[in-house]
Amino acid sequence: ERAEDTCPLTVAIRNGVAAVSGGGVAVFRRALNGDWIAEPSNASTGPGDVAVGTGVVLTSRPVCEGLGVNTFRPDQSGVWTEAFEITSNVGCDFWGLTGNDVDISAGNRLIASESSAWATPAAHIFEPTATSWTQVATLVSPLSSPFFGFRVAIDDTRAFASGPLEAPIHVFNRAGSTWTHSVDVVPPDSAVRAQVGAIKVRDRLFVGFPYDPHRGGSVGVFSADASGQYEEVAKLVPRSVQPEFPYPPFGGDVDVSINGSFTRVVASGQDGVHVSI
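Here the structure is a predicted model, which means the values were calculated and not measured.

Procedures and definitions
- For every chain, the first residue of the written sequence is number 1, and numbering continues from 1 along that sequence.
- Local features in this predicted model are restricted to residues of pLDDT 70 or higher, and side-chain atom pairs are both shown and tallied only at a pLDDT of 80 or more, whereas totals for entire chains, interfaces and linings draw on every residue.
- To get the side-chain values, take all heavy atoms of the structure and skip hydrogens and water.
- We define a salt bridge as a side-chain nitrogen of Lys or Arg found within 4 Å of a carboxyl oxygen belonging to Asp or Glu.
- Secondary structure elements follow DSSP: runs of H or I no shorter than four residues count as helices, runs of E no shorter than two count as strands, and numbering proceeds from the N terminus.
- The buried label goes to any residue with under 20% of its type's maximum accessible area, the exposed label to any with over 50%, and the partly exposed label to all in between, with areas taken from a 1.4 Å probe on protein chains only.
- What counts as a ring pair is set by centres within 6.5 Å for rings of Phe, Tyr and Trp (its six-membered ring), and what kind of pair is set by the plane angle: stacked under 30 degrees, edge-to-face over 60, tilted for all other angles.
- Lysine NZ or arginine CZ positioned within 6 Å of the ring centre and within 35 degrees of the ring normal marks a charge as sitting over the ring.

Caption draft 1: The arrangement of the pattern of salt bridges in detail. Under the defined criterion, the tally for this structure stands at 10 salt bridges. The partner of lysine 235 in a salt bridge is aspartate 189, with the nearest N and O atoms 3.6 Å apart. Here aspartate 189 lies in the loop between β16 (178–185) and α1 (190–193) and lysine 235 lies in strand β20 (residues 230–236), a separation of 46 residues in the sequence. You can call lysine 235 partly exposed: its relative accessible area is 32%. Its salt-bridge partner being arginine 193, residue glutamate 232 comes within 2.6 Å of it at the nearest N-O pair. Taken together, the positions of glutamate 232 in strand β20 and arginine 193 in helix α1 put the pair 39 residues apart, joining distant regions of the chain.

What follows is the structure in structure tokens.
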């Protein structure tokens, strides 16, 4: 394993598959009776981010600069095994570092953040092939801001990257193999909500604002209209007031599960995991 037992865990879930990444990568599949069954895995990575695609688990790991990304698929025996790796190691001490933000779409398009003191912040998009992934785009800040791409998300036609206070979320749309910046998502009180803590995209856009002073964090839910502009249609807050400096803060991590018309939003919080339905 690349990580120690004391490293932080990250989790992700999609379409009946859940993954937990820390040192090893544990994968669980939901059985017909509702039980979650651990599947055999020799995957190791992290500590960093984790995301679940279609038959793929994506993780990040610490690097001094560039990208540290691993993808895992079941082999012929059903054991989750590394299928693809992006590495930019330059030989430094990884102690205290964690991997950057990553995400993967239902069609297995991959986005990976590159943000460090040694690199101009960027987000890289990879398209899946039969056995691996090919880089097709590098996204950079449309405002030439150093605050770009600390949080990223992707579906099959849109990519999202965090930005500065005046433009918290940048949206890039795909046309063929080209990804172009289209619009910025700005909540009504963006100056108050501060930096983005997490981005998830399903049918709608879900954004965690852990430093929103209202109850100590919030999750904004955004929907795109016919013109491609995004409007906040809901703002989720914890039921109980959070301390001024909670850890982990509410909205620092967010995930979304959709089953038909039923949507469940899960957000981190100091007093536990918060579920909104």
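Moving on from the coordinates now.
Caption draft 2: A look at the packing of aromatic side chains. Taken as a whole and judged by the stated rule, the model has three aromatic pairs. Ring geometry for phenylalanine 84 and tryptophan 133: centres 5.6 Å apart, planes at 40 degrees, overall tilted. Taken as a pair, phenylalanine 84 in strand β8 (residues 80–87) and tryptophan 133 in strand β12 (residues 133–139) lie far apart in primary sequence, 49 residues in all. On the accessibility criterion, tryptophan 133 (4% relative accessible area) is buried. For the ring pair phenylalanine 160 and tyrosine 230, a centre distance of 6.1 Å and an interplane angle of 90 degrees mean the geometry is edge-to-face. One end of the pair, phenylalanine 160, is in strand β14 (residues 158–162); the other, tyrosine 230, is in strand β20, with 70 residues separating them in the sequence. The pair formed by phenylalanine 160 and tyrosine 230 is uniform in burial state, with each residue classed as buried. The ring of phenylalanine 209 carries arginine 193 above its face, with NZ or CZ at 5.2 Å from the centroid.

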